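For reference, the chains in residue letters:
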Amino acid sequence: MKGVITGLLNKACGGDANRYLVLKALAGKTSSKLLTEAEWYGLLLLIQPEKPEGGKWQSAIGDYELSAICSQILTFSAKQDGQLEIPF
């Protein structure tokens, strides 16, 4: 299940680099290998993986929603690190 969680989080974050940043913001760790069972449980509750019969693993909250959550975490983290915000 940890591989499923990592894969879904990686997809929602748009790659390894952003997944590391999200993990750092949520758990203070950049590697999933360092997560405690409690932290894995927190990710499980956030991602809510499910596998429909005959389908692929997905998040019960939906791909768009999970990506939006990751985006908000990344934005907050960037602001905390003092990065400049570029208006579009």
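Structure report, in brief. (Residues numbered from 1 in each chain as written. Predicted model: local features only at pLDDT ≥ 70, side-chain atom pairs only at ≥ 80, totals over all residues. Heavy atoms only, no water.)

1. Looking at unusual backbone geometry
A positive phi angle is found at Gln-48, which is not glycine, with a value near 50°. Note on placement: Gln-48 falls in the loop between helix H3 (37–47) and strand S1 (49–50). Overall, the relative accessible area of 35% leaves Gln-48 in the partly exposed class. (Helix = DSSP H or I, 4+ residues; strand = E, 2+ residues; numbered from the N terminus. Buried < 20%, exposed > 50% of the residue type's maximum accessible area, 1.4 Å probe, protein only.)

2. A short note on the nonpolar core
One finds Leu-9, Val-22, Leu-43, Ile-47 and Cys-70 to be the most contacted residues of the largest nonpolar core, which totals 16 residues. When residues of this core are traced back to their parent elements, those giving at least two are helix H1 (2–13), helix H2 (16–27), H3 and helix H4 (63–80). Top element by residues in this core is H1. It accounts for six residues. For Val-22, the contacting residues outside a window of four places in its chain are Leu-9, Cys-13, Cys-70, Ile-73 and Leu-74. (Core = buried A, V, L, I, M, F, W, Y, C linked by side-chain atoms within 4.5 Å. Contact = heavy atoms within 4.5 Å.)

3. Section: H1
Here H1 spans 16 Å end to end across twelve residues, near enough to the 16 Å set by a 1.5 Å rise per residue. Residues of H1 that are buried include every one of Val-4, Ile-5, Thr-6, Leu-8, Leu-9, Ala-12 and Cys-13, and no others. Buried-residue contacts for H1 involve H2, H3, S1, strand S2 (58–59) and H4. Taken from the residues just after H1, Gly-14 is the one with a positive phi, measuring 90°. (Expected span 1.5 Å × (residues − 1).)

4. As for the pattern of salt bridges
Taken as a whole and judged by the stated rule, the model has four salt bridges. Residues Lys-2 and Glu-37 are paired through a salt bridge, measuring 2.7 Å at the closest nitrogen-oxygen approach. Here Glu-37 lies in helix H3 and Lys-2 lies in helix H1, a separation of 35 residues in the sequence. Residue classification places Lys-2 among the partly exposed residues on the basis of a relative accessible area of 38%. Taking relative accessible area as the criterion, Glu-37 reaches 56% and is therefore assigned exposed. Ionic pairing is found between Glu-39 and Lys-29, a salt bridge with its closest N-O pair at 2.8 Å. One end of the pair, Glu-39, is in helix H3; the other, Lys-29, is in the loop between H2 and H3, with ten residues separating them in the sequence. On the accessibility criterion, Glu-39 (23% relative accessible area) is partly exposed. What makes Lys-29 partly exposed here is its relative accessible area of 21%. (Salt bridge = Lys/Arg side-chain N within 4 Å of Asp/Glu carboxyl O.)

This is a description of form; function is not addressed.
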